[in-house]
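A look at the structure
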Amino acid sequence: LDKIHSANLLRKMDDSCKLGLNEASEELLEAAFLQTKGNPRALETIYAILSADINATLKSVLESTKRATDKAEANTERQQETTAEILADEAFNRLDRDSQRIMQALAIYEEPVTALAINYMLLPFDNGTDCTSTLEHLKATQFINEDDGLFTINSEYSDYAINRIDEGEPISPEDLENPPFTIKALCLLSAEYWRLVRPDEIDWDQPGGLYVQIQEISARTRASDFFGAALVTDLIFEYLMQFGEYG
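All figures in this text were calculated on a predicted structure; none of them were measured in a lab.

1. Observations concerning the pattern of salt bridges
A side chain with one charge can pair with a side chain of the opposite charge if their charged atoms come near. Using the criterion set out here, one finds 16 salt bridges in the structure. Across the pair glutamate 44 and arginine 41 runs a salt bridge whose closest N-O atoms are separated by 2.0 Å. Here glutamate 44 and its partner arginine 41 are both found in helix H3 (residues 40-52), three residues apart, which amounts to about one turn of the helix. Arginine 41 gets classed as partly exposed once you look at its relative accessible area, which sits at 33%. In this structure, the salt-bridge partner of glutamate 167 is lysine 184, at a minimum N-O distance of 3.6 Å. In this pair, glutamate 167 is assigned in the loop between helix H9 (155-163) and helix H10 (183-196) and lysine 184 in helix H10, connecting sequence segments 17 residues apart. Overall, the relative accessible area of 41% leaves glutamate 167 in the partly exposed class. The exposure class assigned to lysine 184 is buried, which follows from its relative accessible area of 12%.

Below is the structure:
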């Protein structure tokens, strides 16, 4: 986007006039354009940051981003980071813990899922708090997408969400009543969710009838529950053999 369209996009996103973008000076709007090079996703991330942090202003966000950019340029291992990536990192860091965990749950699932799936994964950590209202806020601030009741994390935030979780050690299903907040444990929780919503075998011949089982196998493999993954795989093979697919 050019400078004018960049400024117009920022103003348009602040339709509630609560984030200060409509009243921002031309100087600040031009600075936003220069920092983001008119990248629409980076501009949307500025909006997300302001929505996530009520104390943030366009000026403070630009100053913080400038410091992070300068620091990245001085670090040979981070010199390839773009302003858009730095802004995405900044945006995720400003979310509250519940919002971050919902984003992390979506990153673990990797596939579009319902609010029920997220509630199930986070149940051991939040005492059954319903995530619906937080999901709506994250959608409104463009951290996540929703299509017909199925939620996904925006791709630019997925790595940031995952990288803030320890890998952890493999655990067993018996440990899920009080699991650690680790990638291994969350993957096992996602596998248990897919197990619970696994369709009856009579429906496996329908379009997408093996989708849930495949997701469960993938999740168990990522959780290092190879025995559990093998059991589900055997179920699929036994089902297909009825039709001579693996005779």
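2. Looking at the side chain of glutamine 213
Mapping glutamine 213 onto the fold places it in helix H11 (residues 211-222). Accessibility expressed as a relative area gives 1% for glutamine 213, which makes it buried.

3. Quick notes on the nonpolar core
Ranked by size, the top nonpolar core spans 63 residues in total, and within it Met103, Leu106, Ile118, Leu135 and Phe143 carry the most contacts. When residues in this core are grouped by element, the largest group, nine residues, is from H10. Residues contacting leucine 135, with those up to four places away along its chain left out, are Ile102, Leu106, Ala115, Ile118, Ile144 and Phe151. Counting residues in each nonpolar core, the second largest holds seven residues, with Trp204, Ile217, Ala229 and Tyr239 among its members.

4. Some thoughts on helix H7 (residues 115-126)
With twelve residues, H7 should reach 16 Å at 1.5 Å per residue; the first-to-last C-alpha distance of 14 Å falls well below that figure. The set of residues buried in H7 consists of Ala115, Ala117, Ile118, Met121, Leu122, Phe125 and Asp126. The buried side chains of H7 occupy one side of the element, clustering within an arc of 160 degrees when seen end-on. Where H7 is buried, its residues contact helix H6 (97-109), helix H8 (132-140), strand E2 (150-153) and H10.

5. Focus: the packing of aromatic side chains
Across all of its chains, the model carries eight aromatic pairs by this definition. Measuring from ring centre to ring centre gives 4.9 Å for phenylalanine 125 and phenylalanine 181, while their planes differ by 80 degrees; the resulting arrangement is edge-to-face. Taken together, the residues span a long stretch of sequence, with phenylalanine 125 in helix H7 and phenylalanine 181 in the loop between H9 and H10 at a distance of 56 residues. Taken together, a centroid distance of 5.2 Å and an interplanar angle of 65 degrees make the contact between tryptophan 204 and tyrosine 239 edge-to-face. Linking tryptophan 204 in the loop between H10 and H11 with tyrosine 239 in helix H12 (residues 226-241), this pair joins segments that are 35 residues apart in sequence. The exposure classification of tryptophan 204 matches that of tyrosine 239, with both residues buried. Through a chain of ring-to-ring contacts, the aromatic side chains of Tyr109, Tyr120, Tyr193, Trp194 and Tyr211 assemble into a single cluster. Across from the ring centre of phenylalanine 181, 4.3 Å away, lies the NZ or CZ of arginine 101, which sits over that ring.

Here is what the cut-offs are and how they apply
- Residues numbered from 1 in each chain as written.
- Predicted model: local features only at pLDDT ≥ 70, side-chain atom pairs only at ≥ 80, totals over all residues.
- Heavy atoms only, no water.
- Salt bridge = Lys/Arg side-chain N within 4 Å of Asp/Glu carboxyl O.
- Helix = DSSP H or I, 4+ residues; strand = E, 2+ residues; numbered from the N terminus.
- Buried < 20%, exposed > 50% of the residue type's maximum accessible area, 1.4 Å probe, protein only.
- Core = buried A, V, L, I, M, F, W, Y, C linked by side-chain atoms within 4.5 Å.
- Contact = heavy atoms within 4.5 Å.
- Expected span 1.5 Å × (residues − 1).
- Arc of directions from axis to C-beta.
- Phe/Tyr/Trp six-rings, centres within 6.5 Å; stacked < 30°, edge-to-face > 60°.
- Lys NZ or Arg CZ within 6 Å of the ring centre and 35° of its normal.

Worth remembering: the numbers are spatial, not functional.
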